[in-house]
Amino acid sequence: VAVKDNEVLYSKETEWDVTAEDPEYHYGAIMDAMKLAAACLPKIEAIGGSATGTISPDNDATWCDIFPNVKPDVYKEKVVGIFKRIAKDLAGDVPLKVINDGEVTA
């Protein structure tokens with residue numbers, strides 16, 4: 001979703017294979033979707049999102065069931081910080097907030 005001045009400029013649900021073991025596959029799928037939304041904006045001022053599982057106050061994917069087949073050691077190395085990496089690679093040092101999707105719907 002891309003929002004500017006409280007107006008939704010872009011919104012699309014993206015499907016990808018959550019059973020993939022390679023965290024780079026997940027990174028690429030999320031980044032591709034984020035780039036489509038970013039293309040609708042003159043600049044990115046902040047990034048917000050939601051994910052299933054446990055998201056730390058520092059936006060770490062402590063445990064997230066959208067990566068069920070990533071091996072634990074690889075998860076710790078490549079997935080825990082995936083949201084911060086995506087934000088930095090997409091927009092640099094902008095504010096980021098990711099929360100549990102249950103909190104979004106509550």
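Reading the values: the criteria
Residues numbered from 1 in each chain as written. Predicted model: local features only at pLDDT ≥ 70, side-chain atom pairs only at ≥ 80, totals over all residues. Heavy atoms only, no water. Helix = DSSP H or I, 4+ residues; strand = E, 2+ residues; numbered from the N terminus. Rg over C-alpha atoms; globule rule 2.2 N^0.38 Å. Contact = heavy atoms within 4.5 Å. Phe/Tyr/Trp six-rings, centres within 6.5 Å; stacked < 30°, edge-to-face > 60°. Buried < 20%, exposed > 50% of the residue type's maximum accessible area, 1.4 Å probe, protein only. Lys NZ or Arg CZ within 6 Å of the ring centre and 35° of its normal. Core = buried A, V, L, I, M, F, W, Y, C linked by side-chain atoms within 4.5 Å. Expected span 1.5 Å × (residues − 1). Pairing = 2+ DSSP bridges. pLDDT = per-residue confidence, 0-100. Polar contact = N/O pair within 3.5 Å; in protein donor to acceptor, adjacent residues only side chain to side chain.

Counting its regular elements, the protein contains 4 helices and 6 strands. In terms of overall dimensions, the protein is globule-like: its C-alpha atoms have a radius of gyration of 14 Å, near the 13 Å expected for 106 residues. The principal-axis extent of the C-alpha atoms belonging to the protein is close to 40 × 25 × 25 Å. Within the protein, contacts between residues at least 6 apart in sequence are counted, and of these 64% link residues at least 24 apart.

Enumeration according to the criterion identifies 1 aromatic pair in this entry. Consider the rings of F67 and Y75, whose centres lie 6.3 Å apart with planes at 70 degrees: the pair is edge-to-face. As far as burial versus exposure is concerned, F67 and Y75 are alike and both buried. Sitting above the plane of the Y27 ring, R85 keeps its charged end 3.8 Å from the centroid.

With that settled, the discussion passes to the nonpolar core. If you look at the biggest cluster of nonpolar residues, it comprises 20 residues, and the most contacted ones within it are C64 and F67. At the level of secondary structure, the elements contributing two or more residues to this core comprise helix 1 (23-38), strand 3 (47-51), helix 2 (72-79), helix 3 (82-91) and strand 6 (96-100). Here this core gets 4 residues from one element, more than from any other, and that element is helix 3. Ignoring any residue separated from it by four or fewer positions in sequence, one finds F67 in contact with V18, H26, I30, Y75, V79 and I82.

Here the focus is helix 1. Taking 1.5 Å per residue as the helical rise, helix 1 with its 16 residues ought to reach 22 Å, and the 22 Å between its terminal C-alpha atoms agrees with that figure. Residues of helix 1 that are buried sit in contact with strand 1 (2-4), strand 2 (7-10), helix 2 and helix 3.

Every other side chain in a regular strand lies on the same face of the sheet, so the side chains alternate between the two faces. Two strands pair when backbone bridges link them, and strand 1 and strand 2 are joined in this way by 3 bridges, in the antiparallel orientation. Each bridged residue has a counterpart across the sheet, and for A2 the counterpart in strand 2 is Y10.

Moving on: the confidence of the model for the protein. When pLDDT is averaged along the protein, the result is 93, and 96% of the positions lie at 70 or above. Ranking the elements of the protein by mean pLDDT puts helix 4 (residues 101-105) last, at 69, and helix 3 first, at 98.

Right, let's get into the side chain of N59. You can see N59 is positioned in the loop between strand 4 (54-55) and strand 5 (61-63). Classification of N59 by relative accessible area gives buried; the value is 7%. In terms of polar contacts, N59 uses its side chain to reach the backbone amide nitrogen of V98, at 2.7 Å. Setting aside residues up to four positions removed in sequence, N59 forms contacts with V80, F83, K84, L96, K97 and V98.

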